[in-house]
Amino acid sequence: MSAASPAPTHLREDPFALAQAQLRRVGETFDVDPNLIQVLSQCKKGVEVSVPVQMDDGSVFPFQGYRVVHNTTRGPAKGGIRYHPAVTQDEVKALAMWMTWKCALMGLPFGGAKGGVICDPKLLSLGEKERLTRRYTTEIINEIGPEKDIPAPDVGTDAQVMAWIFDTYSMNVGYSVLGVVTGKPLAVGGSVGRDGATARGSLYCIRTALQKQGSRLQDRRVAIQGFGNVGSNLASLLCDEGARVTTVSDSRGGIHNAYGLDVPAVIAYRAEHGVLQGFPGADEITNEELIEIDCDVLAPCALEQMITAENAPRVRAKMICEGANGPTTPAADEILEDRGILVLPDVLANAGGVVVSYFEWVQGLQEYFWKEYEVHAKLNDIVVRAFEETWSTRERHATSMRMAAYGIAVQRVAQATTIRGLYP
Ligand code: NAD
């Protein structure tokens, strides 16, 4: 297997078709003009690019990349870049649409976008990854920019990749453009608090939801799927707050200890061994078993379509916090809703990342940087306000948190579209 081999997909259903169907349901529930729903069900623009890269062995491989903008009615497009062997254009389109709703729900002046390159970043050397990133950036250079479309990290990309994008774009225009990308390292205009921001937003959502139920985080048992940026930071934050993180996993499987894992030790173990398996004092479990584990909060923080109609009847968690984008299929959603399991949807529960990305963009444009406590406090304000709006909309419409969140978001974008009018 090479870094260029496409992988078997984790997607059982076409994610863009699901996102469009979700939008139609929101339109009906919230009585949004069907003409607007039809407009919003399409992506504004997308490019497919070939990214030829010289590999370390001297060969040249043309990787395939995408950048899709779903909507820019409320401001420039915003969305991550994914490096994964199973990336597809329809996945990128769905993720771009969800970014539009997420930014609107958070009240950020952004539309939605997403990008991806079909590759396995784990099998690329640092040099190969840098060459791929710089060539991909060059191929989409007319599409991105601080007033147009601002990328950020997603699965398989990190602060170093963002630094290469920032540098490549800046070299092409002839000066440093801090606002072209977020999730940058602190040394080149990143924001304090960006790294753990998505997980911190999830933490605020879980905490607020438990408060609504008259409960608190102390001793709640949490299972987390995915141990990357979102999953590992969420495990740390929850552990600091006194929750019991019993189960964590990555793509190769997971570990479980009913009394709670020593999260800092797990992070250190994974950094040293590259895997979770073999962590002392824990049982090994599969990703399938993790979804069905007995816990208070299940946080899928890996990829889409992990909770399906097949396994949803066996989910034992009382609450699901979607750290990942699209981890629950619509069919699973209905089953969970019928079973009274509270689902904190992705557009709310993982929006902390884009909120602090917005802060980074603002700081970059102003060349004036904030302190960590300011970032955390402003993040808390925005996420908790969005949570409260979603909660009260859910009660008013007797619907799910997902429908309520989408309802608020879609109505905001629809209203902006109507006010701006149809050009020309
Ligand atoms: P990452 O690349 O840092 O980590 C992904 C993790 O998922 C890794 O531990 C990987 O091993 C694991 N994984 C991959 N395939 C898996 C599988 N089939 N089963 C179980 N685990 C698997 O990515 P990330 O940035 O943490 O993103 C994770 C999810 O959160 C994605 O859905 C992403 O779109 C979403 N998200 C990320 C951010 C962000 O700021 N990074 C913001 C919002 C949403």
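Residues numbered from 1 in each chain as written. Predicted model: local features only at pLDDT ≥ 70, side-chain atom pairs only at ≥ 80, totals over all residues. Heavy atoms only, no water.

> How should I be thinking about the site of the ligand in this particular structure?
Near the ligand there are 23 residues, and of these D154, T198, F227, N229 and N325 occur at the shortest range. Measuring from an oxygen atom of the ligand, one finds a side-chain N or O atom of D154 at 2.6 Å. One of the side-chain N or O atoms of T198 is found 2.7 Å from an oxygen atom in the ligand. Coverage of the ligand by the protein amounts to 86% of the 820 Å² it exposes when considered alone. Taken together, the residues of the shell around the ligand sort by class into eight nonpolar, 11 polar and four charged. (Near = heavy atom within 4 Å. Polar contact = N/O pair within 3.5 Å; in protein donor to acceptor, adjacent residues only side chain to side chain. Areas by Shrake-Rupley, 256 points an atom, 1.4 Å probe, with all protein chains shown as cover. Nonpolar A, V, L, I, M, F, W, Y, C, P; charged D, E, K, R; others polar.)

> I keep staring at the pattern of salt bridges and nothing clicks. Help me out?
Close approach of charged atoms allows side chains with opposite charge to pair. Applying the stated criterion across every chain, the model contains 26 salt bridges. Among the ionic pairs, D154 bridges to R82, the shortest N-O distance being 2.6 Å. Placement of the pair is D154 in the loop between β5 (149-153) and α5 (159-173) and R82 in strand β3 (residues 77-84), with a sequence separation of 72 residues. Overall, the relative accessible area of 4% leaves R82 in the buried class. (Salt bridge = Lys/Arg side-chain N within 4 Å of Asp/Glu carboxyl O. Helix = DSSP H or I, 4+ residues; strand = E, 2+ residues; numbered from the N terminus. Buried < 20%, exposed > 50% of the residue type's maximum accessible area, 1.4 Å probe, protein only.)

> Sorry if this is basic, but what is going on with the layout of surface pockets here?
It is a probe the size of a water molecule, rolled over the atoms, that shows where empty space is left. For the second largest pocket, the calculated volume is near 460 Å³. Taken together, 18 residues form the lining of the second largest pocket, with V39, T73, T417, G421 and L422 sitting closest to its centre. Mapped onto the lining of the second largest pocket, the elements with two or more residues apiece are α2 (34-40), β2 (60-71) and α14 (401-420). At four residues, the largest contribution of residues to the lining of the second largest pocket is made by α2. Taken together, the residues that form the lining of the second largest pocket break down as six nonpolar, nine polar and three charged. (1 Å grid on protein atoms, 1.4 Å probe; cavity = no way out; pocket = protein on both sides within 12 Å on 5 of 7 lines; lining within 4 Å. Points joined across faces, edges and corners; volume = space filled by probe spheres on them.)

> It is not clear to me how empty space enclosed by the protein should be interpreted in this structure. Could you clarify?
Overall, the coordinates contain one cavity of 30 Å³ or more when judged by the stated rule. Here the largest cavity is characterised by a volume of approximately 90 Å³. If you trace the largest cavity, you find 13 residues lining it, with L18, Q22, W98, G326 and T328 closest to the centre. Elements with a minimum of two residues in the lining of the largest cavity: α1 (15-29) and α14. Residue contributions to the lining of the largest cavity peak at three residues, all from α1. Class assignment of the residues belonging to the lining of the largest cavity gives a composition of five nonpolar, five polar and three charged. Residues from two domains meet in the lining of the largest cavity; each of domain 1 (15-175) and domain 2 (197-349) gives at least three. (Domains from an automatic or database assignment.)

> Looking at this structure, how should I read the environment of R25?
Here R25 is to be found in helix α1. For R25, a relative accessible area of 44% puts it in the partly exposed group. Along the backbone, R25 and Y406 are 381 residues apart, and their C-alpha atoms lie at a distance of 9.8 Å. For R25, the residues in contact, after removing those within four places along its chain, are E334 and M403. (Contact = heavy atoms within 4.5 Å.)

> Would you mind showing me how to read the packing of aromatic side chains here?
Geometry of an aromatic ring pair is reported as the spacing of the ring centres plus the angle between the planes. All chains considered together, the criterion is met by eight aromatic pairs. Geometrically, the ring pair formed by F110 and Y358 is edge-to-face, given 5.7 Å between the ring centres and 85 degrees between the ring planes. Placement of the pair is F110 in the loop between α3 (89-106) and β4 (111-118) and Y358 in helix α12 (residues 352-366), with a sequence separation of 248 residues. Residue classification places F110 among the buried residues on the basis of a relative accessible area of 1%. (Phe/Tyr/Trp six-rings, centres within 6.5 Å; stacked < 30°, edge-to-face > 60°.)

> I keep staring at the sheet that holds strand β6 (residues 221-225) and nothing clicks. Help me out?
Strand pairing in a sheet is mediated by backbone hydrogen bonds. Such pairs are either parallel or antiparallel. Pairing within the open sheet is mixed, and its seven strands lie in the order β9-β8-β7-β6-β10-β11-β12. In this open sheet, the two strands that pair with only one neighbour each are β9 (283-285) and β12 (342-344). Neighbour to neighbour, the strand axes of the sheet diverge by 20 degrees on average, direction disregarded. The pairing of β6 with strand β10 (residues 297-300) spans four bridges and is parallel. Paired with A223 across the two strands is L298, which belongs to β10. (Pairing = 2+ DSSP bridges. Axes fitted to C-alpha atoms, helices over the stretch in contact; angles between N-to-C directions.)

> What exactly am I supposed to notice about the pairing of β2 here?
For a regular strand, side-chain orientation follows a simple rule: the groups alternate between the two sheet faces. Judged from the 10 bridges that link them, strand β1 (residues 45-54) and β2 form a sheet pairing that is antiparallel. Its bridge partner lying in β2, V53 is registered against F61. From the end of β1 to the start of β2, which pair antiparallel, there are five residues, and G58 there has a positive phi angle of about 95 degrees. Pairing of β2 with β4 involves six bridges; the strand directions are antiparallel. By the bridge assignment, V68 is partnered in β4 with K114.

> What is the right way to read the domain arrangement of the chain from this model?
Interfaces are often sized by the accessible area lost when the parts come together. Domain parsing of the chain yields domain 1 (15-175) and domain 2 (197-349). Contact with domain 1, which involves 16 residues of that partner, is made by 12 residues of domain 2. Of the roughly 1100 Å² buried between domain 1 and domain 2 on both sides combined, carbon and sulfur atoms contribute 58%. Taken as a group, L18, W98 and K102 account for 37% of the area that domain 1 buries against domain 2, more than any other trio of residues on that side. Put simply, domain 1 and domain 2 have one salt bridge between them. On the surface where domain 1 and domain 2 come into contact, there are two residue pairs in polar contact (both at pLDDT 80 or more). (Buried area = accessible area lost by both parts, 1.4 Å probe.)

> Mind showing me how you'd approach α5 here?
It helps to recall that an α-helix has 3.6 residues per turn; residues three or four apart then point in one direction. The end-to-end C-alpha distance of α5 is 21 Å, a good match for the 21 Å that 15 residues give at a rise of 1.5 Å each. Of all the residues in α5, the buried ones are V161, M162, A163, W164, I165, F166, T168, Y169 and S170. Among the residues of α5, the N-terminal cap falls to D158, whose side-chain oxygen and the backbone nitrogen of Q160 are separated by 3.2 Å. Once α5 finishes, G174 follows within two positions and takes phi at roughly 100 degrees, a positive value. (Expected span 1.5 Å × (residues − 1).)

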